[in-house]
Amino acid sequence: GQQVMQIPQYQHVQEGEDFTTYCNSSTTLSNIQWYKQRPGGHPVFLIQLVKSGEVKKQKRLTFQFGEAKKNSSLHITATQTTDVGTYFCAGLDNYGQNFVFGPGTRLSVLP
Amino acid sequence: AAGVIQSPRHLIKEKRETATLKCYPIPRHDTVYWYQQGPGQDPQFLISFYEKMQSDKGSIPDRFSAQQFSDYHSELNMSSLELGDSALYFCASSLWTSGNSEQFFGPGTRLTVL
């Protein structure tokens, strides 16, 4: 079945440093979504990428979908303490209607 | 704006008991998803419904069942509870037919099995 992997599992950065998490799928995806979950909270939708090679920006966040639609990345510029949380990618393959979540990258930001 | 409502927020049960979790999706959303999230784990897809019909099934144990009712609320029924069922259970809803499948997650039900 479809597998979604994310690296790194954990990332500790100093406030102001950049952060990147990578998502890789074992199968080609029709689209990919990114979610953020704060400690004790629920996943909150950040963005959806659909097109091959697509790049989207949200303020300090940059999302990219690979040309082969099997990988994606989330880059945060100049992290802030409010960026703390776990970032999940969730991939939808071409056959199903359910999203497969990656294991997440837990980001901690030291002030 | 209305969000996804889940009840109860916390539930404590004994082994071998049953539990029913409820989910009220955002009005006019046509798809409901159930996820199980263990401590430090990613959300594991259990089951989904599209327009009240089961649309996809994930890693849902045979001891669990779910349904969506005519008013679009959904219930996850869990029987013969095991210690390993202790987890956060999220319900999410989306408007699939809009072409944007953004999932809106509820606050979750924390189930503890003793």
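Asker: How should the sheet that holds strand β1 (residues 5–7) of chain B be read in this particular structure?
Answerer: Sheet strands associate in pairs through backbone hydrogen bonding, adopting either a parallel or an antiparallel arrangement. Residues and elements named next belong to chain B. Spatially, β1-β3-β8-β7 is the arrangement adopted by the four strands of the open sheet, whose pairing is antiparallel. Of all strands in the sheet, those with a lone pairing partner are β1 and β7 (64–68), marking the two edges. The average undirected angle you get between the axes of adjacent strands in this sheet is 15 degrees. Looking at chain direction, β7 and strand β8 (residues 74–78) are connected through five bridges and run antiparallel. Bridge pairing links Gln67 to Glu75 in β8.

Asker: Explanation requested: the pairing of strand β5 (residues 44–50) of chain B in the structure shown.
Answerer: Along any regular strand the residues' side chains alternate between the sheet's two faces. All names here are of chain B. Among the seven residues of β5, five are classified as buried, and the element is accordingly described as predominantly covered. The sheet contact formed by strand β4 (residues 31–37) and β5 spans six bridges and is antiparallel. Note that in β5 the partner of Tyr33 across the bridge is Ser48. Between the antiparallel neighbours β4 and β5 lie six residues, among them Gly40 with a positive phi of about 70 degrees. Pairing of β5 with strand β6 (residues 53–57), which is carried by four bridges, proceeds in the antiparallel orientation. Bridge assignment links Phe49 to a residue of β6, and that residue is Gln54. Between β5 and β6, which pair antiparallel one after the other, the connecting turn spans two residues, and Glu51 there sits at a positive phi close to 50 degrees.

Asker: Where do I start with the interface of chain B and chain A in this structure?
Answerer: By a frequent convention, interface size equals the accessible area lost on bringing the separate parts together. Every contact between the two is made by 21 residues of chain B and, on the other side, 19 residues of chain A. Between chain B and chain A, the buried area comes to about 1600 Å², and carbon and sulfur atoms account for 54% of it. The largest share of the area that chain B buries against chain A comes from B:Asp42, B:Trp96 and B:Phe105, three residues that together contribute 28% of it. Counting every contact that joins chain B to chain A gives two residue pairs in polar contact (both at pLDDT 80 or more).

Asker: Help me understand the pattern of salt bridges, please; the structure alone is not making it clear to me.
Answerer: Pairing between side chains of opposite charge can happen when their charged atoms approach one another. Residues and elements named next belong to chain B. Within this structure, the stated rule accounts for five salt bridges over all chains. Residue Glu75 pairs with Lys22 through a salt bridge whose shortest N-O separation is 3.9 Å. Within this pair, whereas Glu75 is found in strand β8, its partner Lys22 is found in strand β3 (residues 19–24), the two being separated by 53 residues in sequence. Its relative accessible area of 31% is what places Lys22 among the partly exposed residues. Each of the salt bridges in this network shares a partner with another, and the network as a whole consists of Arg63, Glu82 and Asp85.

Asker: What is the right way to look at the state of the cysteines in this model?
Answerer: Working definition of a disulfide: a covalent bond connecting the sulfur atoms of two cysteines. A full pass over the atoms with the stated rule returns two disulfides over all chains. Between the sulfur of A:Cys23 and that of A:Cys89 lies a disulfide, 2.0 Å long from S to S. Looking down the S-S bond of the A:Cys23 and A:Cys89 bridge, the torsion is 75 degrees, so its handedness is right-handed. A residue pair is termed long-range when its members are at least 10 positions apart, and A:Cys23 in strand β3 (residues 19–25) and A:Cys89 in strand β9 (residues 85–93) qualify at 66 residues. According to the relative accessible area criterion, A:Cys23 is buried, its value standing at 1%. Classification of A:Cys89 by relative accessible area gives buried; the value is 0%. The partner cysteine of B:Cys23 in its disulfide is B:Cys91, sulfur to sulfur 1.8 Å. Disulfide B:Cys23 to B:Cys91: torsion about the S-S bond roughly -50 degrees, handedness left-handed. Placement of the pair is B:Cys23 in strand β3 and B:Cys91 in strand β9 (residues 87–94), with a sequence separation of 68 residues. Relative accessible area serves as the criterion here: at 0%, B:Cys91 is assigned to the buried category.

Asker: Just checking my understanding: could you explain the nonpolar core for this structure?
Answerer: Most often, soluble globular proteins have nonpolar side chains that are buried together. By size, the foremost hydrophobic cluster in this structure holds 22 residues, and its most contacted members are B:Trp34, B:Leu76, B:Met78 and B:Tyr89. Elements with a contribution of two residues or more to this core: β3, β4, β5, β7, β8, β9 and β11 (109–113) of chain B. The next biggest cluster of nonpolar side chains, apart from the first, holds 19 residues, and it includes A:Cys23, A:Leu29, A:Trp34 and A:Phe63.

How each quantity is defined
- Each chain carries its own residue numbering, running from 1 in the direction its sequence is written.
- Here every chain gets a letter starting at A, and every ligand a number starting at 1, in the order they are written.
- At least 70 in pLDDT is required for a residue's local features to be given in this predicted model, at least 80 for side-chain atom pairs to be given and counted, and no such filter applies to totals for whole chains, interfaces and linings, which use all residues.
- Side-chain measures here rest on the full set of heavy atoms in the structure, leaving out hydrogens and waters.
- Here, any two strands with at least 2 DSSP bridges between them count as paired.
- Each helix is a run of H or I in the DSSP string that is no shorter than four residues. Each strand is a run of E no shorter than two, and both are numbered from the N terminus.
- Under this scheme, a helix contributes an axis fitted over its contacting stretch, all axes are lines through C-alpha atoms, and angles between N-to-C directions fall in the 0 to 180 degree range.
- When accessible area is computed with a 1.4 Å probe and restricted to protein chains, residues below 20% of their type maximum are described as buried, those above 50% as exposed, and intermediate ones as partly exposed.
- Note on definitions: a residue-residue contact is assigned when non-hydrogen atoms from the two residues lie within 4.5 Å.
- When two components associate, each loses some accessible surface as probed by a 1.4 Å sphere; the sum of these losses over both components is called the buried area.
- Definition of a polar contact: a pair of N or O atoms within 3.5 Å, with one able to donate and the other able to accept a hydrogen when the atoms are protein atoms, and with sequence-neighbouring residues admitted only if both atoms are side-chain atoms.
- What counts as a salt bridge is simple: a side-chain nitrogen of Lys or Arg found within 4 Å of a carboxyl oxygen of Asp or Glu.
- In plain terms, two cysteine sulfur atoms within 2.5 Å form what is called a disulfide here.
- Among the buried residues, those of types Ala, Val, Leu, Ile, Met, Phe, Trp, Tyr and Cys that are joined through side-chain atoms within 4.5 Å form a nonpolar core.

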